[in-house]
Amino acid sequence: MEESKTNYDLTPLIAPNLDRHLVFPLLEFLQELQLYPDEQILKFKIELLNKTNMVDYAMDIHKSLYHTEDAPQDMVERRAEVVARLKSLEEAAAPLVSFLLNPSAVQELRADKQYNLQMLKERYQIGPDQIEALYQYAKFQFECGNYSGAADYLYQYRTLCSNLERSLSALWGKLASEILMQNWDIALEELNRLKEIIDSKSFASPLNQVQNRIWLMHWGLYIFFNHDNGRTQIIDLFNQDKYLNAIQTSAPHLLRYLATAFIVNKRRRPQLKEFIKVIQQEHYSYKDPIIEFLACVFVNYDFDGAQRKMRECEEVIVNDPFLGKRVEDGNFSTVPLREEFLENARLFIFETYCKIHQRIDMGVLAEKLNLNYEDAERWIVNLIRTSKLDAKIDSESGTVIMEPTQPNVHEQLINHTKGLSGRTYKLVNQLLEHTQAQATR
C-alpha cells in the first residue's frame, strides 16, 4: 500500500486509548484493506492476544503466521491454565449465578441495594465473597472473548456492588462488551451513563478526569459512526467545552471525526462557525486533510487548495476504520459516508465562493468542485431548484450569476429591536434604584 495512505492512519494514536479487545476490529479493517503487510498485522494480533485469555484464537493466528499445524508449547500450557482458572471462577460464582438464573428468586430483588445484600446473605448465604467472585468471573469471560456472558454478569454485578470504583470498572467492561457485540443502542446508553459518572465523580486529580474523558471519546467512535443518530451524538459530546479542551490538549487527532460529523450533519451548521475558530487555532499544529479542507474553505478562502484536499479526504475516509463502511462482499465501501461528505464539501465550497463572487465562470466552478462541466451544471441547477440559493445560470456565457440580496426590512427591524426589551428593563431598574436612593436622603 502507498506510504501516503498509511500516513493518515490514526490507529497508532487511537489504540493506546482503547481496551485491547477493541483494537482487534481496527486490525481486522487494516488487514482487509492490506494497508500494512499481512505478517505485520498478524504479529500485532498475537501480541495483543497474549495479554488476553483468547488462547485458541492466538493459536490459530500463530499457525497462519508461521504456516504450521502445531501450536507452541507455551500456548498449550497457557490454554490449560485458562481452562483451569475458568472452572475455578465458575465454581466460586456458582451460588450467585444460580440465583440470577432463577426468575422467581430474582423477583425478590428491589431497587434498594442494601436490602438486596442483606436478603441474599440471610436467605441464600450469598455474601461479599460471592459477589466479588461474580465480578472476577465476568471479567474472565470478557478476556476469553465471551462478550455476551460478560455483559450479562457485569450488569448483574453493578446492581449488587457497593464499591464505586469496582462499579465504574464494570461499566467500562459492559460498554466494551456491547460495542464488540455491535449493540449500538445499548452501547450508547452505557456511554451516556459513563459520561454522567465521569463528569460528576471526584477524581484523584484533574488529569485523571481528562484521561477518562479521552478514553470515553475514543470508545465512542465505534458507536457514533454506526448508530443511526451517531453523527449528531458525536457533536453533542466532543463539542462540549470540557471535552473539546481535552481533545485540543491531549488528543487533537479526534478533530478528524468531529470535523467529519460537522461536514455531513446539516442540522448542526450553526455550530460550525464556532468550530471553525478551533480549526484556526489548531490547523497549524495538527495536520489532517479533513481539518485542512475546512481551513481552506472557511479560513484561507483557498478554493484550489480545498479542491485538492477533497481528493485527500476521500482517501482518508476509505482507509479510516470508523469512517469506512463494510459491505456484504467483504470490501470496505465509502457509500454512504463518502458520498455524503463529498456532496456537503462541494456545497461548502460553492456557498463560500458565491459569497465572494457575483458572476462565476462555470468551468472554473466545475474545477473547484472537482466535477466535469456537465455534472457541475446539473449539480448547480439542482441546488438552485431545491434550495433558497438566489442565482441563475447564463448558458450563453457559461456563468452562474448571483442575484444581489436585498436586506429584508422585517429582519432588520427584528435585529435592531432584539435587545430593546432587555435594555428597557435595565433602564427602568436603574431609574427605580435612583428614585429610591433620592427618597432615602
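Remember, predicted model here, so these are calculated numbers, not experimental data.

Participant: Break down the overall build of the chain for me, citing the residues and quoting the values.
Facilitator: Within the chain one finds 24 helices and five strands. Put simply, the chain has 441 residues, and 45% of those count as buried. Sequence separation of at least 24 residues holds for 59% of the intrachain contacts in the chain that already meet a minimum separation of 6. When the accessible surface of the chain is split by element, carbon and sulfur atoms take 49% of a total near 23900 Å².

Participant: Kindly report on the nonpolar core, identifying the contributing residues and their values.
Facilitator: Counting 135 residues, the largest nonpolar core has Phe 238, Tyr 257, Phe 275 and Phe 293 as the members making the most contacts within it. Counting residues per element, this core draws most heavily on helix α20 (residues 337–356), which supplies ten residues. If sequence neighbours within four positions are ignored, Tyr 257 has contacts with Leu 10, Ile 14, Leu 221, Phe 225, Ile 234, Asp 320, Phe 322 and Leu 323.

Participant: Go over the confidence of the model for the chain with me, naming the residues and quoting the values.
Facilitator: Residues of the chain with pLDDT of at least 70 account for 87%, and the chain-wide mean is 88. Within the model, the stretch residues 326–335 combines pLDDT values under 50 with 16 contacts to residues more than four positions away or in other chains.

Participant: Tell me about the packing of helix α8 (residues 113–124) against helix α10 (residues 147–160), and name the residues and values.
Facilitator: It is at 8 Å that the axes of α8 and α10 come closest, and there the two elements cross at 100°. On the basis of their axis angle, the class for α8 and α10 is roughly perpendicular. Only Arg 158, Thr 159 and Leu 160 of α10 make contact with α8, whose side of the interface consists of Lys 113, Asn 116, Leu 117 and Leu 120. Of the residues belonging to the contact of α8 with α10, the class tally is three nonpolar, two polar and two charged.

Participant: Tell me what's going on with the pairing of strand β5 (residues 399–402), and back it up with residues and numbers.
Facilitator: Here β5 shows two buried faces, one formed by Thr 399 and Ile 401 and the other by Val 400 and Met 402. Bridging between strand β3 (residues 359–361) and β5 involves three bridges; their strand directions are antiparallel. Counted as the bridge partner of Ile 360 is Val 400 from β5. Alignment of strand β4 (residues 391–394) against β5, held across four bridges, turns out to be antiparallel. Pairing of Lys 392 across the sheet is with Ile 401, part of β5. Where β4 folds back onto β5 in an antiparallel hairpin, the turn is made up of four residues, including Gly 398, whose phi is positive at roughly 65°.

Participant: Give me the packing of aromatic side chains: which residues, what numbers.
Facilitator: The description of an aromatic ring pair rests on the distance of the ring centres and on the angle between the ring planes. As enumerated under the stated definition, the model contains 16 aromatic pairs in all. Cluster of aromatic residues (ring-pair linked, three or more members): Tyr 222, Phe 225, Tyr 257 and Phe 322. The aromatic ring of Phe 203 is capped on one face by Lys 201, whose charged end is 4.4 Å from the ring centroid.

Criteria and thresholds
- Think of each chain on its own: its residues are numbered from 1, step by step along the sequence as written.
- Where totals are concerned, whole chains, interfaces and linings use all residues; where local detail is concerned, this predicted model gives features only for residues with pLDDT of at least 70, and gives and counts side-chain atom pairs only at 80 or more.
- Excluded from the side-chain calculation are hydrogens and water; included are all heavy atoms of the structure.
- Going along the chain from the N terminus, every DSSP run of H or I of four or more residues is numbered as a helix, and every run of E of two or more is numbered as a strand.
- Only protein chains enter the area calculation, which uses a 1.4 Å probe; residues under 20% of their type maximum are buried, those over 50% are exposed, and those in between are partly exposed.
- Residue contacts are counted whenever heavy atoms from the two residues lie within 4.5 Å of one another.
- Using the Shrake-Rupley algorithm and a 1.4 Å probe, accessible areas are obtained, with residue cover drawn only from the displayed protein chains.
- Side-chain atoms within 4.5 Å are what join buried Ala, Val, Leu, Ile, Met, Phe, Trp, Tyr and Cys residues into a set we call a nonpolar core.
- As a per-residue quantity, pLDDT reports the predictor's confidence and falls between 0 and 100.
- Each axis is a line fitted through C-alpha atoms, and for a helix only the stretch in contact is used; angles between axes span 0 to 180 degrees, taken between their N-to-C directions.
- Here roughly perpendicular refers to angles of 65 to 115 degrees, roughly parallel to angles under 35, roughly antiparallel to angles over 145, and oblique to all remaining angles.
- Classification used: nonpolar for Ala, Val, Leu, Ile, Met, Phe, Trp, Tyr, Cys and Pro, charged for Asp, Glu, Lys and Arg, polar for all others including Gly.
- Two strands are counted as paired when DSSP detects at least two bridges linking them.
- Only Phe, Tyr and Trp rings are paired, with Trp represented by its six-membered ring, and only when their centres lie within 6.5 Å; those with planes under 30 degrees apart are stacked, over 60 edge-to-face, the remainder tilted.
- Charge over a ring is defined by NZ of Lys or CZ of Arg lying within 6 Å of the ring centre and within 35 degrees of the ring normal.

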